[in-house]
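# Coordinates in review
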There are 2 protein chains.
Amino acid sequence: MSSSTTSSNRQDYLKAILSLELRGLKASTSAISEKLSTQPASVTGMLRVLSGNDLIEYIPYQGAKLTLEGRDEAIFLLRKHRLWETFMVEKLGFGWDEVHDVAEQLEHVDSQKLISKLDAFLGFPRFDPHGDPIPDSQGVLADRSTLVGVNEIALGKTASIRGVLSSSDSFLKHLDDLGIKLGLQFTVVKVFEYDGSYQVKVGMSEEVWSKKLVEQLLAEVKSQVDNDNI
Amino acid sequence: MSSSTTSSNRQDYLKAILSLELRGLKASTSAISEKLSTQPASVTGMLRVLSGNDLIEYIPYQGAKLTLEGRDEAIFLLRKHRLWETFMVEKLGFGWDEVHDVAEQLEHVDSQKLISKLDAFLGFPRFDPHGDPIPDSQGVLADRSTLVGVNEIALGKTASIRGVLSSSDSFLKHLDDLGIKLGLQFTVVKVFEYDGSYQVKVGMSEEVWSKKLVEQLLAEVKSQVDNDNI
DNA sequence: TCTAATATTTAGCCATGCCTAATCTTTATG
DNA sequence: CATAAAGATTAGGCATGGCTAAATATTAGA
Ligand SMILES: [Mn+2]
Ligand SMILES: [Mn+2]
Ligand SMILES: [Mn+2]
Ligand SMILES: [Mn+2]
């Protein structure tokens, strides 16, 4: 799969196109140029090249669509990017807000073996530090639908933090201050009608999370069913 | 230090030149072209560029010499290369013969912080999986012969911690507990015959290091001669 | 010392990607 | 439907870093 010899520049184009497609948007020249901070004219040139390499289908004035091959490569990049981010946060102690730019470089390192070993070393994580799903070795993206906003969790349910909707510095810093991190398990004890804040139990102690906060937090609710040790 | 914006191509030239200089050879056009598998004509072109960037001194027909700045950057590359190799072997379970090519890519990832965290994560290793010395954060290449076990240091001598012989989690954790880290300077005050432990002076205070501990610590003894403040 | 072999540089090209300005296409709008 | 405005492509350059072939410098041998 993938590997190939696509330059890191071209890889970034593939990623930009994938990112648009995943959001249901058209990969137009201008949308891509926006994402990559390049001029539209440069994008046109690159789209011709990628098309010649069978990585995208491109009809002038109509935007680009990833081919199967192009999509595979783009998804592998996503996988690498998110695994490296996870490595930096989980193993090296980086903050979630510090890892993106470095991962933007690391994702271009070309070695299947490195990535599969890294994946194993990290314990085959399913989500990166920002809560985005990490494609598995087959390129399968974990289903996001199992994640819900904390503000939608019913009373009495237990859940684990899996991601965030905002990645702003101030927000991530606030999470640090409150000791909220990925994987944190909590139970919803009470919901205050007055201001929409949540009272949650974390370990032995109880805390209150503001409405604004819980709206930005993604969690995976513990289902009664998939608890294996019945 | 270093950082800059030197492209990865140029960085590989700097490394090639350093490698020749370290072996006492002249960095001639042909020697460099040999190392990098490029044509001599291409090397000439690059030497002019590097010279224009003050990374080397270059006199046509006379080969290249690294400037202080160029040497710093080349040594930082060596550091990154060897730390990544160590990571792959120690943490990911690669064989020592599989890591060079991947490290050749990883070394170009630009992030001081990534490297200092990786260094700490690995326990400040002094040598890579091939036995080559890893430059420390100051760019000092450990001269193998100058490193001795702390257990071999004579009474009254002053030395600096330069490495460890074991990288086990429990050992590294113990070092953390005692506040022993790379570069720590100490003086041997007393050696207890009874259990082989060492009494050392660190800054203002004195501590006792166990026999087991000092056997696993590598240090560089301060020579009387190169001590400037006579 | 003079010449031949070797090393190095120069000249001229090519590919990759990016940019600006100019020229289409496509889409909105009256 | 006609015509702007917005979006996209082409044309013409530039910088980087390769390559080959030709010219020039250095070095070694007779
Ligand atoms: Mn990237
Ligand atoms: Mn991410
Ligand atoms: Mn390299
Ligand atoms: Mn090595």
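Residues numbered from 1 in each chain as written. Chains lettered and ligands numbered in written order. Predicted model: local features only at pLDDT ≥ 70, side-chain atom pairs only at ≥ 80, totals over all residues. Heavy atoms only, no water.

Let us look at the domain arrangement of chain A. Residues and elements named next belong to chain A. By the assigned domains, chain A splits into domain 1 (3–66), domain 2 (74–136) and domain 3 (147–228). Domain 2 and domain 3 are separated by 24 Å when their C-alpha centres are compared. The interface is formed by eight residues belonging to domain 2 together with 12 residues belonging to domain 3. Here domain 2 meets domain 3 over a buried area of about 880 Å², counting both sides, of which 65% is carbon and sulfur. For domain 2, the biggest contributors to the area lost against domain 3 are W96, D97 and F127; these three give 62% of the whole. Across the domain 2-domain 3 interface, the total number found is one salt bridge. (Domains from an automatic or database assignment. Contact = heavy atoms within 4.5 Å. Buried area = accessible area lost by both parts, 1.4 Å probe. Salt bridge = Lys/Arg side-chain N within 4 Å of Asp/Glu carboxyl O.)

Residue and element names in this part refer to chain A. Ligation of the manganese ion (ligand 1) by protein atoms is provided by D12 (OD), E104 (O), E104 (OE), E107 (OE) and H108 (NE2), these donors lying 2.0 to 2.5 Å from the ion. Read N to C, the donor residues that coordinate the manganese ion (ligand 1) are spaced as D-x91-E-x2-E-H. Of this pair, D12 sits in helix α1 (residues 8–22) while E104 sits in helix α5 (residues 100–106); the two residues are 92 residues apart in sequence, bridging distant segments of the chain. (Donors = N, O, S within 2.8 Å, 3.2 Å for Na, K, Ca; no water. Helix = DSSP H or I, 4+ residues; strand = E, 2+ residues; numbered from the N terminus.)

At 3.6 residues per turn, the α-helix brings residues three or four places apart onto the same side. Residue and element names in this part refer to chain A. Taken together, the buried positions of helix α6 (residues 112–121) are occupied by L114, I115, L118 and D119. Across the axial projection of α6, the buried residues extend over an arc of 130°, all falling on one side. The positive-phi residue at the C-terminal boundary of α6 is G123, with phi of around 80°. (Buried < 20%, exposed > 50% of the residue type's maximum accessible area, 1.4 Å probe, protein only. Arc of directions from axis to C-beta.)

We now examine the interface of chain B and chain A. If you look at the interface, chain B gives 20 residues, while chain A gives 20 residues. A combined buried area of about 1,700 Å² lies between chain B and chain A, and 73% of that area is made up of carbon and sulfur atoms. Connecting chain B to chain A are two salt bridges. Where chain B packs against chain A, one counts six residue pairs in polar contact (both at pLDDT 80 or more). Elements that contribute at least two residues to the side of chain B that touches chain A include exactly α4 (68–90), α5 (100–106) and α6 (112–121) of chain B. The dominant element in the side of chain B that touches chain A, judged by the number of residues it contributes, is α6 of chain B, at five residues. Looking at the side of chain B that touches chain A residue by residue, the class counts come to 11 nonpolar, four polar and five charged. (Polar contact = N/O pair within 3.5 Å; in protein donor to acceptor, adjacent residues only side chain to side chain. Nonpolar A, V, L, I, M, F, W, Y, C, P; charged D, E, K, R; others polar.)

Here we come to the nonpolar core. Formed by 37 residues in total, the largest nonpolar core has its most connected members in W84, F87 and M88 of chain A together with W84, F87 and M88 of chain B. Elements supplying a minimum of two residues to this core: α4 (68–90), α5 and α6 of chain A together with α4, α5 and α6 of chain B. For M88 of chain B, the contacting residues outside a window of four places in its chain are L114 of chain A together with G93, F94, V99, V102, A103 and L106 of chain B. (Core = buried A, V, L, I, M, F, W, Y, C linked by side-chain atoms within 4.5 Å.)

Before going further, it helps to spend a moment on the protein's contact with DNA strand C. In the vicinity of DNA strand C, 20 residues are found, and the nearest of them are S7, R10 and S42 of chain A together with T44 and Y58 of chain B. Within 4 Å of the protein, the atoms of DNA strand C are drawn from sugar and phosphate moieties in a proportion of 80%. Between DNA strand C and Q39 of chain A there is a distance of 3.0 Å, counted from a phosphate oxygen to a backbone nitrogen or oxygen. Contact distances for DNA strand C include 2.9 Å between a phosphate oxygen and a backbone N or O atom of Y61 of chain B. Counting only elements with at least two residues in the surface near DNA strand C, the list comes to α1 and α3 (40–52) of chain A together with α2 (29–36) and α3 (40–52) of chain B. In terms of residue count, the dominant contributor to the surface near DNA strand C is α3 of chain B (four residues). Across the surface near DNA strand C, the residue classes tally to nine nonpolar, nine polar and two charged. (Near = heavy atom within 4 Å.)

Attention now moves to the environment of L147 of chain A. Residue and element names in this part refer to chain A. If you trace the backbone, L147 turns up in strand β3 (residues 147–149). Residues L147 and D195, 48 residues apart in the sequence, show an inter-C-alpha distance of 24 Å. Filtering out sequence-adjacent residues up to four positions away, L147 remains in contact with F127, G131, R162, L218, A219 and E220.

Reading fine detail from the predicted coordinates is not recommended where pLDDT is low. Summing up the model confidence of chain A, the mean pLDDT is 90 and the portion of residues at 70 or higher is 93%. Within the model, the stretch residues 225–230 of chain A combines pLDDT values under 50 with zero contacts to residues more than four positions away or in other chains. (pLDDT = per-residue confidence, 0-100.)

In this section: the coordination of the manganese ion (ligand 3). All names here are of chain B. Taken together, D12 (OD), E104 (O), E104 (OE), E107 (OE) and H108 (NE2) make up the protein donors of the manganese ion (ligand 3), found 2.0 to 2.5 Å from the metal. Between consecutive donor residues of the manganese ion (ligand 3), the sequence gaps follow D-x91-E-x2-E-H. Look at E104 and you get partly exposed, because its relative accessible area is 24%.

Our focus in this paragraph is the protein's contact with DNA strand D. Neighbouring DNA strand D are 20 residues, the closest being T44 and Y58 of chain A together with S7, R10 and S42 of chain B. At a separation of 2.5 Å, a phosphate oxygen of DNA strand D approaches a polar side-chain atom of S42 of chain B. At a separation of 3.2 Å, a sugar or linking oxygen of DNA strand D approaches a polar side-chain atom of Y61 of chain B. When residues of the surface near DNA strand D are traced back to their parent elements, those giving at least two are α2 (29–36) and α3 of chain A together with α1 (8–22) and α3 of chain B.

On to the side chain of E107 of chain B. All names here are of chain B. Mapped onto the elements of the fold, E107 is located in the loop between α5 and α6. For E107, a relative accessible area of 0% translates into the label buried. A distance of 2.8 Å separates the side chain of E107 from the side chain of K15, its partner in a polar contact. Each residue touching E107, except ones within four places of it in the same chain, is listed here: D12, K15, L77, K80, H81 and W84.

Residues and elements named next belong to chain A. Relative to each other, α1 and α3 sit at 95°, their axes nearing to 11 Å. The angle between α1 and α3 falls in the class roughly perpendicular. Residue-level inspection shows N9, R10, Y13, L14 and I17 of α1 in contact with α3, the latter providing S42, V43, M46, L47, V49 and L50. Across the contact of α1 with α3, the residue classes break down as eight nonpolar, two polar and one charged. (Axes fitted to C-alpha atoms, helices over the stretch in contact; angles between N-to-C directions. Parallel < 35°, antiparallel > 145°, perpendicular 65-115°, else oblique.)

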